[in-house]
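# Structural description and commentary
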Amino acid sequence: MSILVNKDTKVIVQGFTGKEGSFHAEQCIAYGTNIVGGVTPNKGGQVHLDKPVFNTVAEAIKATDATVSMIFVPPAFVGDAVMEAAEAGIELAVIITEGAPVKDMQMAKAHATKHGMKTLGPNCPGIITAEECKIGIMPGSIFKKGNVGLISKSGTLTYEGANQVCNEGFGITTAIGIGGDPIIGLSYNQILPMFEADPETEAIVMIGEIGGDLEIQAAKLIKEQITKPVVAFIAGQTAPKGKTMGHAGAIVSGSAGTAKEKMEALEAAGVKVVVSPAEIGKAIAEVLGKK
Amino acid sequence: MNIHEYQAKQIFKKYGVPTPKGIMVESVKDAVTAAEQLGGPVWVVKAQIHAGGRGLGGGVKLAKSLEEVETLADEILGMTLVTHQTTAEGKLVQKLYIEDGADIKEELYLSVVLDRKLEMPLIMASTEGGMNIEDVAANTPEKIITVPVDPAIGFQSFHGRELAFGLGLTDKDEQKNIIRFASKLYKLYMENDAEMIEINPLVKTGKGEFIALDGKMGFDNSALGRHPEIAAMRDLTEEDADEVEAAKYGLSYVALDGEIGCMVNGAGLAMGTMDTINYMGGTPANFLDVGGSANAETVAKGFEIILKNPKVKAIFVNIFGGIVRCDRIANGIIEATKITDVNVPVIVRLDGTNAPEAAEILKNANIANLIVGDDLGDGAAKAVAAAKGE
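Computed from a prediction, not measured in an experiment: that's the story for all the values here.

Backbone torsion omega between Gly121 of chain A and Pro122 of chain A reads 10°, so that peptide bond is classified as cis. Of note, the bond from Gly40 of chain B into Pro41 of chain B is cis; its omega dihedral lies within 30 degrees of zero at 10°. As for its placement among the helices and strands, Pro41 of chain B is situated in the loop between α2 (28-38) and β3 (43-47). Unlike most non-glycine residues, Leu49 of chain A shows phi in positive territory, near 55°. Structurally, Leu49 of chain A is set in the loop between β3 (47-48) and β4 (51-54).

Residue and element names in this part refer to chain A. On the basis of which strands lie adjacent, the open sheet formed by seven strands has the order β9-β8-β11-β10-β12-β13-β14 and mixed pairing. Looking at strand neighbours, the two that pair on one side only are β9 (133-136) and β14 (272-274), the edges of this open sheet. Across the sheet, the mean angle from the axis of one strand to that of its neighbour is 15°, orientation sign disregarded. Where strand β10 (residues 145-152) and strand β12 (residues 203-209) come together, five bridges link them in parallel fashion. Each bridged residue has a counterpart across the sheet, and for Gly149 the counterpart in β12 is Ile204.

Let us now look at the interface of chain A and chain B. The partner chain B presents 43 residues to the 49 residues of chain A that form the contact. Going through the elements one at a time, α4 (102-114), α5 (155-167), β12 and β13 (230-235) of chain A are the ones with two or more residues in the side of chain A that touches chain B. Residues of the side of chain A that touches chain B, tallied by class, amount to 26 nonpolar, 16 polar and seven charged.

Put simply, chain B has an average pLDDT of 92, and 99% of its residues get 70 or more. Overall fold confidence (pTM) sits at 0.92, and the ipTM for the predicted complex is 0.91.

How each quantity is defined
For every chain, the first residue of its written sequence is number 1, and the numbers climb from 1 along that sequence. Starting at A for chains and at 1 for ligands, labels are handed out in the order in which the entities are written. It should be noted that, the model being predicted, local features are given only for residues of pLDDT at least 70 and side-chain atom pairs only at 80 or more, the latter also being counted only at that level, while totals for whole chains, interfaces and linings use all residues. A run of DSSP states H or I qualifies as a helix once it reaches four residues; a run of E qualifies as a strand once it reaches two. Both are numbered from the N-terminal end. The pairing criterion for strands is at least two bridges between them, as found by DSSP. Between the N-to-C directions of two axes lies an angle of 0 to 180 degrees, each axis being a line fitted to C-alpha atoms and, for a helix, fitted only over the stretch in contact. Whether two residues are in contact is decided by their C-beta atoms, placed from the backbone, lying within 7 Å. Only Asp, Glu, Lys and Arg are considered charged in this grouping, and only Ala, Val, Leu, Ile, Met, Phe, Trp, Tyr, Cys and Pro are considered nonpolar; every other residue, Gly among them, is considered polar. Each residue carries a pLDDT score, the predictor's own confidence in it, on a scale running from 0 to 100.

Structure below.
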């Protein structure tokens, strides 16, 4: 078991024939992801990476029954691509592109919600169910199959966390990068209950950062609904106020969104909070018992 | 991206948001000419820097004669202004805004920001104008009115009524005026991809009209591509020169005041690296995300920027290669040490894609002050020790 995606998930790629889209789609196919085609306007009818190309998402779904779309279109076209996917009936859009305007994401997410489509990202590494399905840009080889679910705002901290978990002798069920933009799709509070319900997931790693209050909301939910052990790290304890730290959403505004308040809230909810990401693996070994 | 008050007011005027008349100047002589042109009898001389709290810092002053305009312009132009929003070193005032005095009956507060929880713009208003809104929120939260506006329907009259009644306005003309004001402000917020607009104070005049006495605007960097006229308002002298230089090479850099320079891929891991150094008893000198397309040139540039800071006693390179291949980074480091004179210990931790090859490359290069870290914890510990001279 796993959450959201597995080896049978049928995936299309929006922005399939572009440089980024091509490179990463190829890597995903090599990993075993069931990519059934792609969409690039005016290239419908062509074949790319041995898969059919369609002009629209609607045509792609009609021909392939795809349920998930991996989006690589340039930033200015992300909003449009997400809304097209939503209306065509895609169930989950994984938005990799970095630098989409915030206003576009407000509109696109509202429209996706209206049409019952889930979104991940933008500006995220994607989602991977270990040894089954990779939809995104993460290095597949570090994700060994196992019993730990991982959810993170940061791409490289996802790799760091997963790598440590695997080095301790455990592995990953599904790892999800939710992105660090001001407006994102699925977040802790939608994904944590999925891990709770997944019989194979025995512990959860949650990686957050400064800015916004998603981690505070997560603390509340964990206290009420999550019985599996959670290990958390919040990046940015040493970040100065009022400065955007790489991710557009990673900013301490006045006194709000600090790492300290998030760590305290999570600790109060019974989460094992580590002060350094170097401790994630050890903390998982502690909560699951040494292998 | 932030802009100056005088630039924000140019945009306000375009949208019919009332502001006092004013002229931006860069010399004392022009300040007097501007004041003559405006006519008086009262002027406000305002320092133009990208930070709030200018009044308290002595950067905003009232002049009642042309002579006074001259004296104040001379005093403020070239001063280094320290406010609660600047660094301790403050900001050099290079531009002034000479503005007509306003008829002030009441000072209010009005802003539009993105509410990340509701995922839509939020209009905030308060009767407590002229104060730091964070203090108002902390001490008297009941005095802040918040009205979210769903972009799908846009600003409606009821949004305006909520504001008007929330501010305790009972006069029908005043209600109409504030509704019209807020409606225009929302329109310009949306049309220009603003991140925030803050008017503090918003002035109610004796005639019951509303005027933006101040204006602060920030924009979504990701949307600047479709607003060239706003992108052109960028004032690079207001930004940190090293951050600007780094950005040219796709590096995201923020200076801190510690001793250990950091070069990391990914924003989250970059912050996590700073936190780990701190946890192990060291102090990070900077945040630096080399991004996903790091190569020899960007790595070299990173070293150059880090080493400009004389406080740096060691550099910790922490890369978890995903798409970025570690062997390329290793070669980049070797190239960088050839181009730049790296005179402090460099601790390198490379993990992920092609890490074993990278370790081999670094070992064979025989660089004198290069130390290999086995993992994040080990690398950070070695960097902290090296910075202490151990």
